[in-house]
Amino acid sequence: MAKKSSIARNKKRLRMVAQYAEKRAALKATMADPDVSDEAFYAARDKLTKLPRNSSPVRIKNRCNVTGRPRAFIRRYGLSRLTFRELALQGKIPGVTKSSW
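Notes on the structure follow.

### Details of the overall build of the protein chain
Thought 1: Scanning the protein chain for helices and strands turns up three helices and two strands.
Thought 2: C-alpha extents for the protein chain along the principal axes are approximately 65 × 35 × 15 Å.
Thought 3: In the protein chain, which comprises 101 residues, the proportion classed as buried is 27%.
Thought 4: In the protein chain, of all internal contacts separated by at least 6 residues, the share reaching a separation of at least 24 is 40%.
Thought 5: Roughly 8000 Å² of accessible area belongs to the protein chain as shown, and the carbon and sulfur atoms make up 52% of that amount.
Thought 6: Between the averaged position of the 25 positive side-chain charges in the protein chain and that of its 7 negative side-chain charges there is a distance of 23 Å.

### With respect to unusual backbone geometry
Thought 1: Unlike most non-glycine residues, alanine 72 shows phi in positive territory, near 55°.
Thought 2: Examined against the element boundaries, alanine 72 turns out to sit in the loop between α2 (38-50) and β1 (73-74).

The rules behind each value
- Residues numbered from 1 in each chain as written.
- Predicted model: local features only at pLDDT ≥ 70, side-chain atom pairs only at ≥ 80, totals over all residues.
- Heavy atoms only, no water.
- Helix = DSSP H or I, 4+ residues; strand = E, 2+ residues; numbered from the N terminus.
- Buried < 20%, exposed > 50% of the residue type's maximum accessible area, 1.4 Å probe, protein only.
- Contact = heavy atoms within 4.5 Å.
- Areas by Shrake-Rupley, 256 points an atom, 1.4 Å probe, with all protein chains shown as cover.
- Lys, Arg positive; Asp, Glu negative; His and termini not counted.
- Charge placed at Lys NZ, Arg CZ, Asp CG, Glu CD.

Below, the structure written as structure tokens:
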């Protein structure tokens, strides 16, 4: 089990990303527009840098939904490899069986 503070910090980042997504997208669209003036471009860049760092989607860490483990994350199931193996062997993940050959 991961530290509660690490899990809480990541949840806070998820909330902040959702909160600032619209504003961040608008500023990035302004910066990407080739017809925008230099002053507007620099103003948008300055506003983007003033947004909280944790509102950037890059800062979100993939964590296991059950244990919060940050490593060996399987995106398709949202679980770490350890939790995935436990649940698969118990038959709790539909369509997943242990292979043998």
